[in-house]
Amino acid sequence: MRTASRSGREFGLALIGCGGFGAYVLDALRDIPDLRIVACADPDGERARALAERHGAAVCATVQEAIALPDVAGVALATPPAAHADAAVTALRAGKHVFCEKPMAVTLKDAARVKEEADRAPGVLVVDHVLRYNPILRMLQRLGKEGLLDALRRFAFENDASDEDLGPDHWFWDPAHSGGIHIEHGVHFFDAARALMGSDPVQVQGTAVRRPGGPVDIVVATAVHPGGAVATHTHSFTHAHRAERQLMRLDYGFAEARVSGWIPTYATVTAWTDDTGAARWERLPERAAELLRVPGLRPHGQEQVTVSVTRDAGSGTPASGRGVRRTAPHRVDLVIDLGGEARKPYVYSESVRAAFTDMLLCAEHGGTPVADAQSGLATVAVAEAATRSAETGRTVPVTIPVPSPRGEAA
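Residues numbered from 1 in each chain as written. Predicted model: local features only at pLDDT ≥ 70, side-chain atom pairs only at ≥ 80, totals over all residues. Heavy atoms only, no water.

## Focus on the layout of surface pockets
Note the following rule: A pocket here means an open set of points on a 1 Å grid, computed over the protein atoms alone, that has protein on both sides within 12 Å along at least five of seven lines. A cavity is instead a set of points where a 1.4 Å probe fits but cannot get out; residues with an atom within 4 Å of a point line either one. Grid points are joined across faces, edges and corners, and a volume is the space filled by probe spheres set on the points. Where helices and strands are cited, they refer to DSSP runs of H or I of at least four residues and of E of at least two residues respectively, numbered from the N terminus. Residues are grouped as follows: Ala, Val, Leu, Ile, Met, Phe, Trp, Tyr, Cys and Pro are nonpolar; Asp, Glu, Lys and Arg are charged; every other residue, Gly included, is polar.
Within this model, the largest pocket holds a volume of roughly 1200 Å³. F21, K102, H170, W171 and E184 are the residues nearest the centre of the largest pocket, which is lined by 44 residues in total. Secondary-structure elements contributing two or more residues to the lining of the largest pocket are α1 (20-29), α3 (63-67), α4 (84-93), β7 (154-162) and α12 (344-365). The element that contributes the greatest number of residues to the lining of the largest pocket is α4, accounting for four residues. Partitioned by chemical class, the residues of the lining of the largest pocket number 19 nonpolar, 16 polar and nine charged. Approximately 380 Å³ is the volume attributed to the second largest pocket. If you go around the second largest pocket, you meet 21 residues; those closest to its centre are P175, G179, G180, V216 and T387. Residue assignment for the lining of the second largest pocket shows that the elements contributing at least two residues are α7 (175-178), α8 (181-184), β8 (203-210), β9 (216-224) and α13 (373-392). Broken down by element, the lining of the second largest pocket gets its largest block of residues, four residues, from α13.

Listed below in structure tokens is the structure:
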């Protein structure tokens, strides 16, 4: 399978934003076949020059200057969030492909503007929602589609994150630059809930806690999805690096998944099933490569999927809830291990590579990226509603703008 541009021609990339994350993105992408780093753009000329020299690229000051270069086919946006929307619209209008770091915008109005432009532009836009390209979450989605997991009823994410690298003057704390925690960081997990639940929430209740004399550093959002499924998102930027921890708990009724890390590298699933189901679960390890596959993400070779079944562990009596009733006497224990916390940097980098590959494949063959402009728009809508709810103390409906047939926001 190709991971290059149309017809195998070289794909020229301009990086917009040459800070630490911009450098990280280029390192993640640099060995994609037929990809060439053409330009590095940043208002800080020294920062742009240092990164350009590493990659043999031209130095630019603005996105306009970069996309004017004849060899630039696409841009990677790694600026602070408030600059994403204008840069994305500028690049799309010039016919370029866009790899946009999340969030797609810091306001719903700007996100709708980007979505409108993406709908009518010839270029492909991908939002760097890396959880969409994580092998563990892909496998859970596949198990749901195959009927081994029922519809997700409850999504809960607890994030105890570090603030050690976020000094008091960092743009992260300034909603004018970041949009606030729900928008700057929470969009990853609003989008993961959308992917796993297969729906957008209809309403959200938000809470925000401000550190004494400082910024908001803890936020909680509870979102209700169609059919009564509930997703709860908690983010606390209050910890030391060594005390960081994240856990995603997924309630499927007859099964529960526990996924560790904000870049997931380890998960367990406990499920109850019948004789036929037990046999299907037991065959999963031999399908590990297929179930964990994400185009553009290169396995390191030590990934493991293990399954054990304890037969007649339950009473075998019918169980019910939310309309589900069946006999499930056997207990299944599944472990998905990408290498644990030690493999987090690798899985993160490869997930970025997979998201960019998604853009290239759609540019070459057509189709819609997994993390497309609609994904970017919907998650900003949820995040903005959660932020507004925290400010007002009221439950807020989630309203996602729907484009008109002519590609204009309705």
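## Describing the packing of aromatic side chains
Worth spelling out the cut-off: Only the six-membered ring of Trp is used, alongside the rings of Phe and Tyr, when aromatic pairs are assigned; centres must lie within 6.5 Å, and planes under 30 degrees apart are stacked while those over 60 apart are edge-to-face, with the rest tilted. Here the term buried applies to any residue with accessible area under 20% of the maximum for its type, exposed to any over 50%, and partly exposed to those in between, with areas from a 1.4 Å probe on protein chains only.
Going through the model one piece at a time under the given rule, you end up with nine aromatic pairs. Residues F172 and F237 carry aromatic rings whose centres are separated by 4.8 Å and whose planes lie at 50 degrees to one another, so their mutual orientation is tilted. With F172 in the loop between β7 and α7 and F237 in strand β10 (residues 230-239), this pair connects stretches of sequence that are 65 residues apart. One exposure class covers both F172 and F237, and it is buried. For the ring pair F189 and W262, a centre distance of 6.4 Å and an interplane angle of 75 degrees mean the geometry is edge-to-face. Taken together, the residues F189 in helix α9 (residues 187-197) and W262 in the loop between β12 (255-260) and β13 (266-273) connect sequence positions 73 residues apart.

## Brief notes about unusual backbone geometry
Put simply, K102 and P103 share a cis peptide bond, and its omega is -10 degrees. Mapped onto the elements, P103 comes out in the loop between β5 (97-100) and α5 (108-120). Positive phi, normally seen in glycine, also occurs at D34, with a value near 65 degrees. Within the secondary structure, D34 is located in the loop between α1 and β2 (35-41).

## Some details on the pairing of β2
Condition: Strands are labelled as partners when DSSP assigns at least two bridges between them. When the strands point away from the viewer, a crossover counts as right-handed if the path from the first strand over the helix to the second runs clockwise.
The buried count for β2 comes to six of seven residues, which makes it a mostly enclosed element. For strand β1 (residues 11-16) and β2, the ladder comprises six bridges, and the chain directions are parallel. When the sheet's bridge partners are listed, L13 is paired in β2 with I37. The parallel pair β1 and β2 is bridged by α1, and the resulting crossover is right-handed. Between β2 and its parallel partner strand β3 (residues 58-60), the chain crosses via helix α2 (residues 45-55), and the hand of that crossover is right-handed.

## Considerations on α5
Using the following cut-off: The span one expects for a helix is its residue count, reduced by one, times 1.5 Å. Contacts between residues were defined by any pair of non-hydrogen atoms, one from each residue, lying within 4.5 Å.
Look at α5: 19 Å from first C-alpha to last across 13 residues, which is about the 18 Å you get at 1.5 Å a residue. Taken residue by residue, α5 has L108, A111, A112, V114, K115, E116, E117 and A118 as its buried positions. Those residues of α5 that are buried are in contact with α4, β6 (125-127) and α13.

## Concerning the pattern of salt bridges
Applicable threshold: Whenever a carboxyl oxygen of Asp or Glu lies within 4 Å of a side-chain nitrogen of Lys or Arg, that contact is scored as a salt bridge.
Counted according to the given criterion, the structure contains 28 salt bridges. A salt bridge links R211 to D163; the nearest nitrogen and oxygen atoms lie 2.9 Å apart. In this pair, R211 sits in the loop between β8 and β9 while D163 sits in the loop between β7 and α7, placing the two residues 48 residues apart along the sequence. Residue R211 is classed as partly exposed on the basis of its relative accessible area, which comes to 25%. Between D191 and R194 there is a salt bridge; the shortest N-O distance is 3.2 Å. Of this pair, D191 and R194 both sit in helix α9, separated by three residues, roughly a single helical turn. In this structure, D191 and R194 share a single accessibility class: buried.

## A word on the nonpolar core
Put simply, the test is: Only buried residues count toward a nonpolar core, which is a set of Ala, Val, Leu, Ile, Met, Phe, Trp, Tyr and Cys residues joined through side-chain atoms within 4.5 Å.
Counting 78 residues, the largest nonpolar core has L140, F155, L250, W281 and F356 as the members making the most contacts within it. Of the residues forming this core, the biggest block, 10 residues, is contributed by α12. When residues no more than four places from it in sequence are discounted, the contact partners of L140 are L149, L196, L250, Y252, A257, V259 and V269. Counting residues in hydrophobic clusters, the runner-up holds 49 residues, among them L77, A87, A121 and A373.

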